[in-house]
2 protein chains.
Amino acid sequence: MNITEFAAYAGVSKAAVSRYFNGGYLSQEKRDLIANAVEATGYHPSLQAQMLRTRRTRQVLVILPKLSSESCARMVEGISDVLDQNGYQLLLVNTANDNTRELSALNLLQRNTVDGVILIATIFTAEHRTVLGSLRLPLMILGQQYPGFCCISHDDRGAARAATAHMLAKGRKHPGFLGVTMMDKAAGLDRRRGYEDALQAAGLYPQPTRMAIAAFDMESGYEQAAALLTRAPDIDCLFCATDSIAIGALQYCRTHHIRVPEDLMLAAVGNSEAGRVASVPLTSVQLHYRTAGQIAAQRLLDQLAHPHTPVEGQVLDYALIPRSSTGDALPQGNFWAE
Amino acid sequence: MNITEFAAYAGVSKAAVSRYFNGGYLSQEKRDLIANAVEATGYHPSLQAQMLRTRRTRQVLVILPKLSSESCARMVEGISDVLDQNGYQLLLVNTANDNTRELSALNLLQRNTVDGVILIATIFTAEHRTVLGSLRLPLMILGQQYPGFCCISHDDRGAARAATAHMLAKGRKHPGFLGVTMMDKAAGLDRRRGYEDALQAAGLYPQPTRMAIAAFDMESGYEQAAALLTRAPDIDCLFCATDSIAIGALQYCRTHHIRVPEDLMLAAVGNSEAGRVASVPLTSVQLHYRTAGQIAAQRLLDQLAHPHTPVEGQVLDYALIPRSSTGDALPQGNFWAE
DNA sequence: CTGAAAGCGCTAACAG
DNA sequence: CTGTTAGCGCTTTCAG
């Protein structure tokens, strides 16, 4: 049933029906007439026709690098919460860290098939600036700072500083660093800076031989921990950019008779489930992923509602969760501390 | 630029342009003309207009109960792979195990805003049968068997049997069971049956006092393990319906001087990352989540392409991964066994 | 093989 | 407050 048939059925004009569904001027009389007819027929306007006519789709595109990553999944959950509540649909593109897929995602944008975009970003290339810069749609960047765009991100530097400082405060003098590519500004560069901040505050100097770069997974954490601890066996506390990497490092320690935390303290950023239940529960810094997703979505919707109000980005704070890997035994029965 | 302007620019008719993009009859001459004009202008048809006109959206709705669950995330990745490759968009609804949200998802369906649906299901209610039964769209159910619908699922019963049998084969005589609600047929009922199969094959009988039901998280696994092992302290091997529950049980053991695997063996289903790196690496059964997602998406697209070909469901197999929690020490250096 | 023409279902001026 | 009207951009008969 289309609007014409429905209007005839209800005994009103098409325009009245349209107004009914879009909050226009309408007498109570007609309003009741239409309400009854809707009740009787189950009529509702066609989204496709509305999209074509209004040039708005009420769909938001979310682009992310990897779904089966706890942090991404939580951000998307936050986004989904807010979008759902506001009657928006969520279009998902998982780029799998793959350029081909990013292109297909950007293709979507050029076809104007969504009202706005949330990009869960890791690495920005020159191409990104070009494409994002020429984007006409409202855009939110999640998890990174990118000058000129509206970003919701975490205090990665502060988080890394807190984790490192926590170990140094326990008297460790030989810190090591296991990071990720500096091309990832948040997880790579900022967390390294935070690490260096902590060293400096403790009167220590970062030493390249005590630093290594891993990929984003446990396997790589294992391998790089092996390389690093072989090269610099006197390291007595190790900051890892992600929980996954730290867990890899922990596995290395476990098989090479390095006691954690006695011989080596370990602290990371992410506060993942796996870290909480690892062979030695991992001290980690919690970032507010879900909240970040909610804020990003809300800001995007605000922007959609008020296109000319400039939107502010935001940097969310963090919370250090000390656990056994830095010698902070949990109180009895409290394994589930966030 | 719309099709009229573009046709004028290219010096052909609108119909020719439409045929160009939809693979209709077209002379090579016009084809070249249009190709050049596309090159020059970057024109592409409006998706919205196509949707309205053809009544197909090239969008598939994925409904799932929880995104930040490793299994769901992997299934969605599989779905996303296939959809992407075939030029379909993925609309995501995270129901958060919440009926309100499921309703809003079903609302989408009634508005015919998608071409097909993939439902990652947990619990079916009477309402489900009503709604799903009256659905006109192609539907795939993922992770459950539901008679009358096309389902891609796992051999949950076989998986549970294998995990349990593995422990019994090691000489354990007092098995325990930590399951989930039977309302979830796959994870609840089938896995319990698999457990019972294994007992029967070993000449044992399931005893209600040695069985308990937990929720889907570690916290609940901890609590229910506590209750169960207090009630039946002679249990020497425990099958858990999910890795999360097993990890909770493991945490309980860890704090109550129960040695795993010496005093208590532990095996589960899911083969999660957390289980691999838990304080005692967890023996678990791997299910092929990603593959399941790919198959479901592919089958759905097949159905979309050939609406009258009946589609067959499929039950995927499993693979037992023995680890330390059942006394199967991994070979040196092989922490990353799948 | 091709173009003209008729809508798909809706919204937004516009003139009452 | 209301109805009429003119499209949004495209696909698809239909008659060449």
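Scoring rules and cut-offs
Residues numbered from 1 in each chain as written. Chains lettered and ligands numbered in written order. Predicted model: local features only at pLDDT ≥ 70, side-chain atom pairs only at ≥ 80, totals over all residues. Helix = DSSP H or I, 4+ residues; strand = E, 2+ residues; numbered from the N terminus. Rg over C-alpha atoms; globule rule 2.2 N^0.38 Å. Buried ≥ 20, exposed ≤ 12 C-beta atoms within 10 Å, placed from the backbone. Near = placed C-beta within 6 Å. Nonpolar A, V, L, I, M, F, W, Y, C, P; charged D, E, K, R; others polar. Least-squares fit on C-alpha atoms with pLDDT ≥ 70 in both. Contact = placed C-beta atoms within 7 Å. Domains from an automatic or database assignment. Pairing = 2+ DSSP bridges. Axes fitted to C-alpha atoms, helices over the stretch in contact; angles between N-to-C directions. Core = buried A, V, L, I, M, F, W, Y, C linked by C-beta atoms within 7 Å.

J.: Just to check I follow, could you spell out the overall build of chain A for this structure?
T.: Counting its secondary structure elements, chain A contains 13 helices and 12 strands. For 338 residues, the compact-globule formula gives about 20 Å, and the C-alpha radius of gyration of chain A, at 26 Å, lies well above that figure. For the C-alpha atoms alone, the extent of chain A along its principal axes is close to 85 × 50 × 30 Å. Burial analysis of chain A (338 residues in total) assigns 48% to the buried set.

J.: So what exactly am I meant to see when it comes to the protein's contact with DNA strand D here?
T.: Around DNA strand D, 26 residues are found, and the nearest of them are A:Ala15, A:Ser27, B:Ile3, B:Ser18 and B:Ala49. Counting residues per element, the ones that place at least two in the surface near DNA strand D are helix H2 (14-22), helix H3 (28-41) and helix H4 (47-54) of chain A together with helix H2 (14-22) and helix H4 (47-54) of chain B. Grouping the constituent residues of the surface near DNA strand D by class yields 12 nonpolar, 8 polar and 6 charged.

J.: Please clarify how the environment of B:Asn86 should be interpreted in this entry.
T.: Along the chain, the position of B:Asn86 falls in the loop between helix H5 (70-85) and strand E2 (89-94). Spatially, the C-alpha atom of B:Asn86 lies 20 Å from that of B:Gly24, the residues being 62 residues apart in sequence.

J.: What should I look at first to understand the relation of the copies chain A and chain B in this one?
T.: For these two chain copies, the linking operation is a rotation about an axis paired with a shift along it. For the pair chain A and chain B, the superposition axis carries a translation of 0.0 Å, the fit reaches an RMSD of 0.1 Å, and the rotation angle comes to 180°. The transformation just described matches what one would write down for a two-fold rotation axis. Within chain A, the C-alpha atom positioned nearest to the axis of rotation is that of A:Ser279, 1.6 Å from it. Both copies share a contact surface, since 100% of the interface residues of chain A are interface residues in chain B too.

J.: What is the right way to look at the protein's contact with DNA strand C in this model?
T.: For DNA strand C, the set of nearby residues contains 25 residues, the closest of which are A:Ile3, A:Ser18, A:Ser46, A:Ala49 and B:Ser27. Taken together, the elements giving at least two residues each to the surface near DNA strand C come down to H2 and H4 of chain A together with H2 and H4 of chain B.

J.: Explain the domain arrangement of chain A to me, please; I cannot follow it from the model alone.
T.: When the parts come together, some accessible area is lost, and that loss is often what is quoted as the size of the interface. Residues and elements named next belong to chain A. In terms of domain boundaries, chain A breaks down into domain 1 (3-45), domain 2 (57-154 + 289-316) and domain 3 (156-287 + 320-337). Between the C-alpha centres of domain 2 and domain 3 the distance comes to 30 Å. Counting residues at the interface gives 11 residues for domain 2 and 10 residues for domain 3. Of the residues in the side of domain 2 that touches domain 3, the class split is 3 nonpolar, 7 polar and 1 charged.

J.: Which parts of the structure should I look at to understand the sheet that holds strand E10 (residues 283-287) of chain B?
T.: Strand pairing in a sheet relies on backbone hydrogen bonds. The paired strands run either parallel or antiparallel. Residue and element names in this part refer to chain B. Read across the open sheet, the 6 strands follow the order E7-E6-E8-E9-E10-E12; overall the sheet is mixed. Looking at which strands have only one partner, the edges of the open sheet turn out to be strand E7 (211-213) and strand E12 (318-321). This sheet shows a mean twist of 15° between the axes of neighbouring strands, independent of strand direction. Two elements, strand E6 (residues 175-179) and strand E8 (residues 237-240), share 4 bridges in a ladder whose sense is parallel. Its bridge partner being in E8, Leu178 is matched across the sheet by Cys240. Packed on one face of the sheet, helix H8 (residues 156-168) meets E6, E8, strand E9 (265-269), E10 and E12 and runs near 165° to E9. Relative to the sheet, helix H11 (residues 243-255) contacts E6, E8, E9 and E10, its axis offset from that of E9 by approximately 160°.

J.: How do you make sense of the nonpolar core when you look at a structure like this?
T.: Across soluble globular proteins, you tend to see nonpolar side chains buried next to one another. Core analysis: the largest hydrophobic core is formed by 179 residues, its most contacted members being A:Ile118, A:Ala249, A:Leu266, B:Ile118, B:Ala249 and B:Leu266. Setting aside its immediate chain neighbours within four residues, B:Ile118 contacts B:Val60, B:Val62, B:Ile79, B:Met140, B:Leu142, B:Ala296, B:Ala297 and B:Leu300.

J.: So what exactly am I meant to see when it comes to unusual backbone geometry here?
T.: When glycine is set aside, most residues are seen to have a negative phi, and most peptide bonds are trans. Geometrically, the link from A:Val260 to A:Pro261 is a cis peptide bond, its omega value of 10° lying close to zero. Within the secondary structure, A:Pro261 sits in the loop between helix H11 (243-255) and strand E9 (265-269). Of note, A:Asn271 is a non-glycine position whose phi angle comes to about 50°, a positive value. C-beta crowding within 10 Å serves as the criterion here: with 26 such atoms nearby, A:Asn271 is assigned to the buried category. Of note, B:Arg55 is a non-glycine position whose phi angle comes to about 65°, a positive value. Here B:Arg55 shows up in the loop between H4 and strand E1 (59-64). Using a count of 11 C-beta atoms within 10 Å as the deciding quantity, one classes B:Arg55 as exposed.

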